[in-house]
Amino acid sequence: MIISQQENIVWEVICLEQFLAHILYLPDGTTVKQPLRQHNQKTAEIAGDALLPAGLHTAAYLAGFLHDIGKYTSAYQQYLIKSARGDPDAPPKGSVNHTFAAVRFILTKWHGPQQDVYRRLAAEMLAYAAGAHHGSFDLANEEGQIGFHHRLSDESIRYSEVMAAFEQDGEEEHINALFAKACEELRKVVDTL
């Protein structure tokens, strides 16, 4: 049976023991893979340490932990493998969106009129940090939609696929506790102003 390169990449994604954040194929044939969960954990630790002096350790930790959850899709994993291999038919760099999912997750879960002002503010800060982790956060898209708003409705990010994979990690209770602590940190910082 002859398997096409596309089918081989799909099979490789299916066979992955875990989702990957980064992959590097070295000239000597060695493959270096960084699991997504490990990447998010390390990013969380670095971000948390960076904002410890400001009293926002947990908030930064949580933003770091959630920043790349958009990589929990087969489309992103295929993009990652093709790009790392240097395949000529790999999608252009940055064309497979992975930042909107964290924004949608944070705002859907913790933002809304029923939430107190500190929870809404914390959710907005976390969403901004996660959404802008590759640089500037666009103020509006080509259709004039505000930065947060078009992230909540963009269907190209495969949000349900992201959530199905992310929820398998069983982090909901831990994440909720982190958010509650982040809100308390923010309250203390705001109260000192």
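Residues numbered from 1 in each chain as written. Predicted model: local features only at pLDDT ≥ 70, side-chain atom pairs only at ≥ 80, totals over all residues. Heavy atoms only, no water.

## Some points on the confidence of the model for the protein chain
- When pLDDT is averaged along the protein chain, the result is 86, and 85% of the positions lie at 70 or above.
- At the low end of the mean pLDDT range in the protein chain sits helix α1 (residues 5-15), at 48; at the high end sits helix α3 (residues 57-66), at 97. (pLDDT = per-residue confidence, 0-100. Helix = DSSP H or I, 4+ residues; strand = E, 2+ residues; numbered from the N terminus.)

## Considerations on unusual backbone geometry
- Positive phi values are uncommon outside glycine, yet arginine 158 reaches one of about 55°.
- Tracing the sequence through the fold places arginine 158 in the loop between α7 (147-153) and α8 (159-167).
- Arginine 158 sits in the partly exposed class, given a relative accessible area of 39%. (Buried < 20%, exposed > 50% of the residue type's maximum accessible area, 1.4 Å probe, protein only.)

## Let's talk about the layout of surface pockets
- When its volume is computed, the second largest pocket comes out at roughly 230 Å³.
- Lining the second largest pocket are 17 residues, with Leu51, Ala59, Ala60, Ala63 and Ala129 positioned closest to its centre.
- Contributing elements (two or more residues each) for the lining of the second largest pocket: α2 (36-51), α3, α6 (117-131) and α9 (172-191).
- By residue number, the principal contributor to the lining of the second largest pocket is α6, which donates five residues.
- The residue inventory of the lining of the second largest pocket, partitioned by class, reads 13 nonpolar, four polar and no charged. (1 Å grid on protein atoms, 1.4 Å probe; cavity = no way out; pocket = protein on both sides within 12 Å on 5 of 7 lines; lining within 4 Å. Points joined across faces, edges and corners; volume = space filled by probe spheres on them. Nonpolar A, V, L, I, M, F, W, Y, C, P; charged D, E, K, R; others polar.)

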